[in-house]
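# Architecture and fold: a report
One-letter residues, chain by chain:
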Amino acid sequence: MSCFSAMNTPLLGEMEQTICMLERGTIVTKLYGKQRRPDRRHLMLIRETRQLLWSTLAAQTRTDYEGTLQLREIREIRVGKNSKEFRLHADDCQRFENSKCFVIMYGNNFKLKSFSVVALSEIEAEHWVRGLRYMVKDTQLAPYTLQLDRWLRREYYALEHVHAHAHMGKPEQSTPVTIKDFKSFLSSVSCKMSTSKFMECFTDDIRRKHDLKFDDFSRLYQKLLLPVNFLPLLGNLELADKQTVRPVEFQRFLASAQQDNQLNDLASIASFMRDFVQDVEREVQQPFLTINEFVDYLFSKQNDLWDAARHDAVNMDMNQPLCCYWIASSHNTYLTGDQFSSESSCEAYARALRMGCRCIELDCWNGPDNLPYIFHGHTMTSKIKFMDVIKTIKEHAFVTSEYPVILSIEQNCSLEQQRNMAQALIEVFGDMLLTQPCDRNELQLPSPNQLRRKIILKHKKLPQFDENVVASNNGSLNTFSQRSSLSGGGDEHENMQKILKKGLLYFKDPVDKCWNLYQFVLTQQELIYSSEINEGRNGNSEDDDFGLSACNLNSSMQQKQKDTAANDELHFGEHWFHGKLEGGRKEADQLLETYNHLGDGTFLVRESATFVGDYSLSFWRRNRPNHCRIKSKHEQGAIKYYLVENFVFDSLYALIVYYRKNMLRSSEFSIILKEPVPQPKKHESQDWFHPNTSKEQAEQALLKLEIGSFLVRPSVQSINAFVISFSINRKIKHCRILQEGRLYAIDTMQFESLVSLIHYYMRNPLYRNVKLMHPVSQELLRQTLLEHAQQLLHGSEHSVGSDSNGASNYMGANLDEYVTCKALYSYKADKPDELSFPKHAIITNVQRNNSMWWKGDYGGLIQQHFPANYVKVIDSSSEDYNSLNEEGQDGRTDSIEIYGAVASLFESNEPGIIIKLQIQTPTMQSPFIIGFDQQEAAYEWIKAIQEAAFLASQLATERRKKERTARVAKEMSDLIIYFRSVPFRDHSWIFQEMSSFPETKAEKQFIQQNMPLFLAYHRQQISRVYPKGQRLDSSNFNPVPFWNVGSQMIALNYQTGDKAMQLNQAKFRQNGNCGYILKPSFMRSDAFNPNNPQCEGLLESKVTVRIIAARHLFRGGKSNNPQIVVELVGSSFDSGIKHRSKVNENGFNPVWNESVEFTVHNTHFALLRFEVQDEDMFAETHFIAQACYPLACVRPGYRSIILRNKFSEELESCSLLIHLDISRRQPAI
């Protein structure tokens, strides 16, 4: 369940430097809870104990610390301010940059704790995040001997810490750990012995000094940990000297006792033994394990009962329909405790998703700002915002698993808020959200593989009705295909809309004010128009949009080929290739001199200035630059490259790759090419490059400057990207430039430098007809922003007044502060000074006076407030209301809603346009106008638009009836593709539908009354079972009987650490914890009966478990009588407790050596569970630890069971040693 497995490990040298810095520590600002303000602390990493430690700045010693945190408990490390502490202290934290902040989520319960920190610099924050991620992974993978050593060091230093505080008045005195301290420590870990026996453990020297150094402390503890006469319990090990285990003996043990052939050669075994011991003094050719170390191995995670090699990654067929899988599912995912008064939290969603859950629940209720709250209705649970939840889901959905996440939405919202929900889901999830079927002709549910990285909604869907009924008088209808959300491309059968009319019409471009041909498509809901016209259509090609003649097009293409880097050679994008250096050899020398600190072998490749078609290799060797020619020749129609005669390569790329791994030899030198010379960043010296300018600053300045003004800045969304911000007709556009290797790309065009890219677009249009004409320097930007700030300060004096000469200043700069906005969602005012408006409404004269609430005019109300996140800014001076302003988008395809449209014709006096068609809708500020050069076409289009408007009105009326009846908004309904929630019916099943059942009804229907019906149902349909309402404590029901009858989604309370959740976590662990488990093939048979042990296809096993011993079975120092319970959970005929045994007065290293044997008829369903309990003086049992394994996923032999707490998190150094033997029989025929 680790989130660090995908981390790229940096070079050891670089990482070692980082770790050393963290050990020295840095000054940080630590955030606390409500009662305490952020304060500066000294934060340091303690490598030997794997802890984070923080102390006040006045602390003198390491023992004088404020708090610690164990690395093994860290579950996630986040960059930024995403934590409860940052939200509590939002005002104080506004001055901190996001890049300096990081959050550590840690703990062993479902509800994690957060440790929120602000570093002094971005570099320090980056070091902490990278270093901690590396150390957490290293801690998790450490061998048992190191884990035990680190735990003992923590305990030893904790005893020192106690002594240090006891002697605070005498800091100069040392604080040794005494024999008495050691005895108290042993009592705390349930190791009990008489004082006389205890004193026999020490040498005379230790008894005389009465104190213990750590080495003595560790050695004595490990000596006590090994029970007396333990080796005979392991059978005949055949050891040569009875004191050590050599590689040959270890190999024999693995093969015979463990049936393990993964380490099948002595070299691998020797390497494994050295890695396990990790003792520098024993890094010898023939390593060995002492008896203590061998027993440590038996108890270690490296010897786990779990078969990690087969089951830690996805190992099942993921191409079957979804109904063929069990799906990890959560109930009321937002809760962190009980169902009545606990806290709702976005962190609960993050935690569940990272635990592998794939179906999460959202209970939605009407909230403020016309977007829902999520909480448990009619209870005292706290509320969280719907928008915050879906953003959290997006961030964490595919960290643990790439397979689809299902959002089970319990809908209690008004239709208006449902519409806003739908829009929010689309905007936040984007392409992740499934909005179209995988295949229009599909006859069954798609597979998990088809739905990878998709968010799917489970919700009610409006009843289907035939829109053609009201359209029957419109003649035959065509279809129009839009982009599929699954593939990103246009499948001709996906997302069909009914087309009433389409054609090429004239539309006045808001930028160049010219009438250009646009593609128009009229459907039953909207009029879609696009400036992208297919080539060959009516003799027009794509140059029509830019107003280019064929001659201009040819010349621009020639210029493009000249300026761009249109080269598909492999070497062309490599960092080491520098193309044609303007300064030739001299410039190469200068570059090598500049980067000579990289050492010998630093190199670059450039085009030869002397020999056309050849290249030059320039490299640094012995404090000076060297150059050699890379020659080329033609062989059998292909170009070959070589440095040495008769040793040729198919490409320049292959030649360089070879000599970066192999020695380049000549009569004068030999060298291996190492680090490439970095590409020159010539753009950094250009006036138009702004390394520290934000998007907001660029927009504020460019709005004041003339058309074609531009600047280039680094992208905030990606490290390897830049953005051109430029002005067009009082609008600001942002165009993304991607850096791919050494090349810079816009769309399909590539350039060798940012400078050449900008030069190209200073000669050629970048967007429509606009070229980059006026570079904005940093000084000009500063002056413009200063003027802008002064105008804001004095704006009230000049808004309606006059200047010193008496001339009106109404058209001054203050006018630019008023923009026009288009509503993304509908909004209903809560206060008298607020605006109400529908979706798509145009709000004018908008003042963006702060980040949350703006003022504007709409519906006769002047300068009323409205929420800024409900609108997007558009240009008030043009008709291009739908143009986008995000980076990399140009908004050249758009639409207007046809509902409520009023169309009229009037004559035109503009050249080439004889008649105009005007369309006005209730949400438009000004009419939409289309031009025609033929009168007949205009009459045809106005008739089609009037019919479409009438049709849209009828459809809207019908939909409103459906919405009110079903209490489902159409916008929400349109997003429901597969998991359509319907009441259960016993016939006419539709594979896209599913039903949910409370546990009581499911038990009655699935198991007691209608099992054959539901077995058939689950072979093609999905069901969900959730806890009954009476479980106010968030307890869980037993999921196993429902899994056994094929129910796919058994929704459990993930926040509750009980037996049901432990079984759930164990079951879904067997397929790489991906959240999907393929049901056995025999469940697809009509003859399957979960209560019949003689069913065809069942795999029967005879299981023998010998419980040998355990370690560290203490419950807060209280464990006296550990009891082990062995249970099998699976089919009804297999389930039950198989063994129960107790050891008195020893939770430290108890020994049982007891066996149990039983038969399992259905191995596929079987979960083998071990629970350790403590029996107190009243004979009452208390939970200590547990472990649960699918029986099909275990390894035979002497195996360690890594014990876990009730939340299935591993307990430190707490394990059980068993011997397992499984003999399997062939499936019944």
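An unreviewed UniProt entry lists the protein chain under the name 1-phosphatidylinositol 4,5-bisphosphate phosphodiesterase gamma, with Drosophila busckii given as the organism. Word for word, the UniProt comment on the protein chain under Catalytic activity (unreviewed entry) is "a 1,2-diacyl-sn-glycero-3-phospho-(1D-myo-inositol-4,5-bisphosphate) + H2O = 1D-myo-inositol 1,4,5-trisphosphate + a 1,2-diacyl-sn-glycerol + H(+)".

This part takes up the overall build of the protein chain. Along the backbone of the protein chain there are 28 helices and 56 strands. Taking all 1229 residues of the protein chain together, the buried fraction comes to 50%. Partitioning the contacts of the protein chain with sequence separation of at least 6, the portion at a separation of at least 24 is 63%. Counting every atom, the protein chain has about 57300 Å² of accessible surface; 48% of that belongs to carbon and sulfur.

It is worth spelling out the pairing of strand β12 (residues 325-330) at this point. Within β12, 6 of the 6 residues are buried, which leaves it mostly tucked inside the rest of the structure. Side chains Y325, I327 and S329 of β12 all project onto a buried face; the interleaved residues W326, A328 and S330 project onto the opposite face, where all are buried too. In this structure, β12 lies alongside strand β48 (residues 1076-1078), joined through 3 bridges in antiparallel fashion. If you follow I327 over to β48, its bridge partner there is Y1076.

Below, the discussion takes up the sheet that holds strand β31 (residues 731-740). Ordered by their spatial adjacency, 6 strands build an open sheet running β33-β32-β31-β30-β29-β34, and the pairing between neighbours is mixed. Whereas interior strands pair on both sides, the edge strands pair on one side only; in this sheet they are β33 (749-751) and β34 (774-775). Pairing between strand β32 (residues 743-746) and β33: 3 bridges, direction antiparallel. Each residue of the ladder has a partner; that of Y744, found in β33, is F751. Across the face of the sheet, helix α20 (residues 695-702) comes into contact with β29 (709-714), β30 (721-728) and β31 while running at roughly 175° to β29. Running at roughly 125° to β33, helix α21 (residues 754-763) makes contact with β29, β30, β31, β32, β33 and β34 of the sheet.

In the Ramachandran plot, D369 falls in the positive-phi region, its phi being about 55° despite a non-glycine side chain. Taking relative accessible area as the criterion, D369 reaches 28% and is therefore assigned partly exposed. Positive phi values are uncommon outside glycine, yet S1034 reaches one of about 65°. For S1034, the location among the structural elements is in the loop between β46 (1022-1026) and α27 (1040-1044).

With that settled, the discussion passes to the pattern of salt bridges. By the definition in use, this model includes 44 salt bridges. Residues R37 and D92 are paired through a salt bridge, measuring 3.2 Å at the closest nitrogen-oxygen approach. Taken as a pair, R37 in the loop between β1 (26-30) and β2 (39-46) and D92 in helix α3 (residues 90-93) lie far apart in primary sequence, 55 residues in all. The partner of R1111 in a salt bridge is D296, and the shortest N-O contact between them spans 2.8 Å. In this pair, R1111 is assigned in strand β49 (residues 1101-1111) and D296 in helix α12 (residues 291-299), connecting sequence segments 815 residues apart. The same class applies to R1111 and to D296, which are both buried. Beyond isolated ion pairs, a larger network of salt bridges with shared partners links R36, D39, R41 and E66.

Turning next to a nonpolar patch on the surface. Together, F340, M380 and L1032 make up an exposed nonpolar region whose accessible area comes to about 320 Å². Relative to the helices and strands, F340 is located in the loop between β12 and α14 (346-354). Overall, the relative accessible area of 40% leaves F340 in the partly exposed class.

Moving on: the packing of helix α25 (residues 999-1009) against helix α26 (residues 1011-1018). Running from N to C, α25 and α26 cross one another at 105°; their axes reach a closest spacing of 6 Å. Accordingly, the angle class assigned to the pair α25 and α26 is roughly perpendicular. Between α25 and α26, the contacting residues are Q1005, F1006, I1007 and Q1009 on the first element and M1011, F1014 and H1018 on the second. Grouping the constituent residues of the contact of α25 with α26 by class yields 4 nonpolar, 3 polar and no charged.

A word on the packing of helix α11 (residues 266-277) against α12. Following both chains from N to C, one finds α11 and α12 inclined at 90°, their axes separated by 11 Å at the closest point. In terms of axis orientation, α11 runs roughly perpendicular to α12. Mapping the contact onto sequence places F272, F276 and V277 in α11 and E293, D296 and Y297 in α12. Looking at the contact of α11 with α12 residue by residue, the class counts come to 4 nonpolar, no polar and 2 charged.

Okay, the sheet that holds strand β23 (residues 615-621) next. Picture the strands of a sheet paired through backbone hydrogen bonds; they go either parallel or antiparallel. With respect to topology, 5 strands assemble into an open sheet ordered β22-β23-β24-β25-β26, the strand pairing being antiparallel. Edge positions in the open sheet fall to β22 (603-607) and β26 (647-649), since each of these has one partner strand only. On average, adjacent strands in this sheet sit at an angle of 30° to one another, irrespective of strand direction. Taken together, the 5 bridges between strand β24 (residues 624-635) and strand β25 (residues 638-644) define a ladder with antiparallel strand orientation. Following the sheet pairing, H634 is matched in β25 by I639.

Now for the confidence of the model for the protein chain. For residues with low pLDDT, the predicted coordinates do not support detailed interpretation. Taken over all residues, the pLDDT of the protein chain has a mean of 83, while the share at 70 or more is 86%. Low pLDDT, under 50, characterises residues 796-816; the predicted model gives this stretch 13 contacts beyond four residues in sequence or across chains.

Right, let's talk about helix α16 (residues 415-429) for a bit. For α16, which comprises 15 residues, the first-to-last C-alpha distance of 21 Å matches the rise-based estimate of 21 Å (1.5 Å per residue) to within 8%. Those residues of α16 lying buried are Q417, Q418, N420, M421, A422, Q423, A424, L425, V428 and F429. Of the surrounding elements, those touching the buried residues of α16 are β13 (359-365), α15 (386-396), β16 (405-412), β17 (455-459) and α24 (970-973).

With that settled, consider the nonpolar core. Grouped together as the largest cluster of nonpolar side chains are 89 residues, with contacts concentrated most on L362, I393, L407, L425, F429, I455 and F837. Grouped together as the second largest cluster of nonpolar side chains are 50 residues, V177, F202, L254 and V277 included.

This part covers the pairing of β24. The pairing of β23 with β24 spans 7 bridges and is antiparallel. Residue L617 lies in a different strand from β24, and its bridge partner there is C628. Linking two consecutive strands that pair antiparallel, namely β24 and β25, is a turn of 2 residues; a positive phi of about 55° is found at Q636 within it.

In this section: helix α10 (residues 247-256). Listed in full, the buried residues belonging to α10 are P247, E249, F250, F253 and L254. One face of α10 carries all of its buried residues, which in axial projection span an arc of 160°. Contacts from the buried residues of α10 go to β10 (244-245), α11, β11 (289-290), α12 and β55 (1197-1204).

So, about the packing of aromatic side chains. Following the criterion strictly, the structure yields 68 aromatic pairs and no others. One aromatic cluster in this structure is built from W151, Y156, Y157, F182, F185, F198, F202, F214, F217, Y221 and F1148. In this arrangement the basic side chain of R629 is found over the ring face of F611, its NZ or CZ atom lying 3.7 Å from the centre. One Lys or Arg, K633, reaches over the ring of Y642 and ends 5.2 Å from the middle of that ring.

Before going further, it helps to spend a moment on the side chain of H459. In this structure, H459 sits in strand β17. Take H459: its relative accessible area is 1%, and that puts it in the buried class. A distance of 3.1 Å separates the side chain of H459 from the side chain of Q411, its partner in a polar contact. If near-sequence neighbours (up to four positions away) are discounted, H459 is found in contact with I409, Q411, Q418, V968, M972, I976, F979, R980 and S981.

So, on to the environment of S1215. Relative to the helices and strands, S1215 is located in strand β56 (residues 1210-1224). As a C-alpha pair, S1215 and Q1186 span 29 residues in sequence and 9.7 Å in three-dimensional space. Beyond its immediate stretch of four places on either side in the chain, S1215 contacts F299, A1110, R1111, S1200, I1201, I1202 and L1203. Of note is the side chain of S1215, whose polar atom sits 3.1 Å from the backbone oxygen of F299.

What counts and what doesn't
Residues numbered from 1 in each chain as written. Predicted model: local features only at pLDDT ≥ 70, side-chain atom pairs only at ≥ 80, totals over all residues. Heavy atoms only, no water. UniProt positions renumbered as here; feature names shortened; annotations may be inferred. Helix = DSSP H or I, 4+ residues; strand = E, 2+ residues; numbered from the N terminus. Buried < 20%, exposed > 50% of the residue type's maximum accessible area, 1.4 Å probe, protein only. Contact = heavy atoms within 4.5 Å. Areas by Shrake-Rupley, 256 points an atom, 1.4 Å probe, with all protein chains shown as cover. Pairing = 2+ DSSP bridges. Axes fitted to C-alpha atoms, helices over the stretch in contact; angles between N-to-C directions. Salt bridge = Lys/Arg side-chain N within 4 Å of Asp/Glu carboxyl O. Patch = residues over 30% accessible without salt bridge, like charges linked within 9 Å, V, L, I, M, F, W, Y side chains within 5 Å. Parallel < 35°, antiparallel > 145°, perpendicular 65-115°, else oblique. Nonpolar A, V, L, I, M, F, W, Y, C, P; charged D, E, K, R; others polar. pLDDT = per-residue confidence, 0-100. Expected span 1.5 Å × (residues − 1). Core = buried A, V, L, I, M, F, W, Y, C linked by side-chain atoms within 4.5 Å. Arc of directions from axis to C-beta. Phe/Tyr/Trp six-rings, centres within 6.5 Å; stacked < 30°, edge-to-face > 60°. Lys NZ or Arg CZ within 6 Å of the ring centre and 35° of its normal. Polar contact = N/O pair within 3.5 Å; in protein donor to acceptor, adjacent residues only side chain to side chain.

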